[in-house]
Each structure stands twice: as C-alpha cells, then as structure tokens.
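These are the residues of each chain, in order.
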Amino acid sequence: MFKYLTRSVRLTSRALTHYNYASSSSSSGSGKNSTGGQLVAVTKAMEGWSQKLQDAGVSDTEFNLKCIVSHVLKRKFNTVPDNFSQLHFDQKQLADFERFLEARCARMPLQHIIGEWDFLDITLKTAPTVFIPRPETEEFVRLVIENYKNVKHVNMLEVGCGSGAMSLSILHALPRVEATAIERSKAATVLAAENAKLLGLQDRFQVHNHTMEEDQYMPEPLKDKKYDLIISNPPYVKTEEFQFLHPEVVVYENLNALDGGSDGLRVARLVFDLACRHLHSGGKLWLELGNEHPPLVKTIMHLKYEGRLNFVGSYYDQYKRERFVQIEKV
Ligand SMILES: C[S@@+](CC[C@H](N)C(=O)[O-])C[C@H]1O[C@@H](n2cnc3c(N)ncnc32)[C@H](O)[C@@H]1O
C-alpha cells in the first residue's frame, strides 16, 4: 500500500558486504575449536528456524537467516555459501545466533539486529528508536545529487535527519555541500553526529536537537540563517493508516518519525513555512512524501503560498509512485 508496509526490512546484497573481518568460525568439521570448546555445524543450528520465522510472519526467511549467520560469524554476506556447508558456531556464537533469531521472530528489524546499514555509498550505524533509512530514500537522494552535482557551493538544511542518511550521503557525494540538520529526537541527533564522525564528514555537518514548531521553526543559533537548499523526508503516514503497518515499524520505530497527522502533511506544512523564512530567493525545497501527496502539495502551493513558493515538479520512485517534490522559493 505504501512504503512502510512493503519495504520495512528489504536489504540489498551490497548492504552486507562491509562485514570484512576475518572469519572467526572454524571451517573444519572437527567439532571442537582451538580452545577445546564444542563447535556446532551451522546447518544443525539452523534446524527449525526457517519455520519459526515463517510462523512469526517474517518473509524471505532464507535471506534473513543468511544475514544473521553472516553477522554472527562476522563474515561478508557474499562469502557465506548458501548451503552453509563447512561453517560452525562456537558456543558463544550459537547463543548469539539464537538470541538474534528470537529477536527477529519478535519482528525486530534486521537493521537493528545487525546494528549498521548501507545507504547508497555510505554505511550508517543504526540505533533503537531511530528511523531506519529506506531504499526509496536512496532514489530521492540520487535525484538531489544529480541536480546539484555541478553547483559550486551549496548551503543545505535538512529537517528531521534521523540517522543522517540523506545529508551524509549527499555530503559524501558532493564535496562542495555544507549541511546543517535539525532533529527532534535526541537519540537520532546523537546518532547522526556519530555517523558524521565515523564517515569523516563532521567538518561539513552540524546537527541541532530541535523540534520544528509553529513560530519556533529553527533553534536560536540558526534563527537568521538562509539556505540554498532544504531537504526533508518528514513523517507523512496518515494517522488512520497506522493500523496497517508491519510490527517491525509499529513496535520498533519511533512513531514521531512516521505520524503525519490526518492527511499526512502536518509536518510538511511546517516545512513549507520554514522554507518561506529560511530559503534564499531561488533556493529549492525537496521533499520525500507519500504517493497521494504531490498533487495536494501543488494545490497547497497555489492556494496558500502564491508569490512565496512555487511548485516546480514531482518525481516517481521505482514503483512508479509519485513521491518526490521540488519547490522553489520566489
Ligand atoms: C521519516 S524520518 C526521516 C529520517 C531521515 N531523514 C531518513 O530519511 O532516514 C523523519 C524524521 O523527522 C524527525 N522529526 C519529526 N518531526 C520533527 C519536527 N517537528 N522537527 C524536527 N524533526 C522532526 C523524526 O524524529 C525523524 O527522525
């Protein structure tokens, strides 16, 4: 129906290629490791789990199992054979494997179990309650990068940066961009700053823990700042649609990251007002929204923002859903 229902636990094969550690598993069939501990064949440890995952409602169980085996063995996903032959767990790994699978049966997202995730060309740490970046957002970011790749200098603001996925992948791709973000969740603010540091992007990224509200759009130090570009993937799920969300989302995501109010545009409307105040003339606002929203946004621009903001255009995601909009400050 919409992205949170269908894409909540999708992984790409590239997503796991960063597990570039030496294998800590034995590849012999000896049954004991070098310190004399008992080894268990991975194929044996896996018995029954595929069914348990299915019973818990997890789809793509083989993929989930392989992700967790790779994670436990600290091996690249692509180096783990599909039949798991010759692989063994020591007792600690076996306990971890079972713990992670119990968590997956309780519908904890793989991203939280594994603790990090790839987004375009960067790897981000994940943290409980912080929004997990979605594959469609990669498409949105690609669009923005394409539009700004030849621009000399860009001063960008992101509203609601979560883990930092959008800003940090743009900074990684475009060395002439500087980014400031505001984010209402303390945990997300800390995580985005940490991800910036891990990626060596901290000199071009600052994040402020601030909740954008009417008449308090920006934190005090940014009150007079203007930007060339504002991006946001605001919460846009209609409140009535929460009943359709997967447990991975309802139980493990922060609902402040999702709830867009009755029409899904409650936070987006605040972003429009913020853009009026904080974009340079000719500056752009790019938004990722739900597939019903772009025509609505076009109407809102005509009715409420004429002479201040112009609707430039909308763009489709890979599922042919109209999802992304570009708006210009007059
Ligand atoms: C859908 S998530 C997007 C996160 C990130 N940009 C991404 O694409 O992965 C929306 C984010 O906006 C934040 N947020 C929601 N309302 C906000 C507000 N009024 N002011 C600042 N941040 C807000 C949420 O905490 C959440 O991190």
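Our structure's up above, just so we're on the same page.
Owing to the predicted nature of the structure, the values given are computational and were not obtained by experimental measurement. (Residues numbered from 1 in each chain as written. Predicted model: local features only at pLDDT ≥ 70, side-chain atom pairs only at ≥ 80, totals over all residues.)

Next up on the list: the overall build of the chain. From N to C terminus, the chain includes 12 helices and 11 strands. Going through the 330 residues of the chain one by one, you find that 39% of them count as buried. Taking contacts inside the chain between residues at least 6 apart in sequence as the whole, the part at least 24 apart equals 70%. (Helix = DSSP H or I, 4+ residues; strand = E, 2+ residues; numbered from the N terminus. Buried ≥ 20, exposed ≤ 12 C-beta atoms within 10 Å, placed from the backbone. Contact = placed C-beta atoms within 7 Å.)

With that out of the way, let us pick up the site of the ligand. Residues in close proximity to the ligand total 23 residues, the closest being Gly160, Gly162, Arg184, Met212 and Ala257. Every element with two or more residues in the shell around the ligand is listed here: helix 8 (165-173) and strand 6 (177-183). Tallied by class, the residues present in the shell around the ligand amount to 13 nonpolar, eight polar and two charged. (Near = placed C-beta within 6 Å. Nonpolar A, V, L, I, M, F, W, Y, C, P; charged D, E, K, R; others polar.)

So, on to the environment of Phe89. Secondary-structure assignment places Phe89 in strand 2 (residues 88-89). Separated by 49 residues in the primary sequence, Phe89 and Val40 place their C-alpha atoms 5.3 Å from one another.

Taken in spatial order, the seven strands of this open sheet run 7-6-5-8-9-11-10, and their pairing is mixed. Either end of the sheet is taken by a strand with one partner, and the two such strands are strand 7 (205-209) and strand 10 (309-316). Each neighbouring strand pair of the sheet contributes to a mean axis angle of 20 degrees, computed without reference to strand direction. Note that strand 8 (residues 227-232) and strand 9 (residues 279-288) share five bridges and pair parallel. (Pairing = 2+ DSSP bridges. Axes fitted to C-alpha atoms, helices over the stretch in contact; angles between N-to-C directions.)

Quick look at the packing of helix 7 (residues 135-148) against helix 8 now. Interaxial distance between helix 7 and helix 8 falls to 10 Å at its minimum, and their mutual angle equals 40 degrees. Judged by the inter-axis angle, helix 7 sits oblique to helix 8. As helix 7 packs across helix 8, the resulting crossing turns out to be right-handed. Only Ala165, Met166, Ser169, Ile170 and Ala173 of helix 8 make contact with helix 7, whose side of the interface consists of Thr137, Val141, Val144 and Ile145. Its residues assigned to classes, the contact of helix 7 with helix 8 comprises seven nonpolar, two polar and no charged. (Parallel < 35°, antiparallel > 145°, perpendicular 65-115°, else oblique. Left-handed = near helix turned anticlockwise from the far one by under 90°.)

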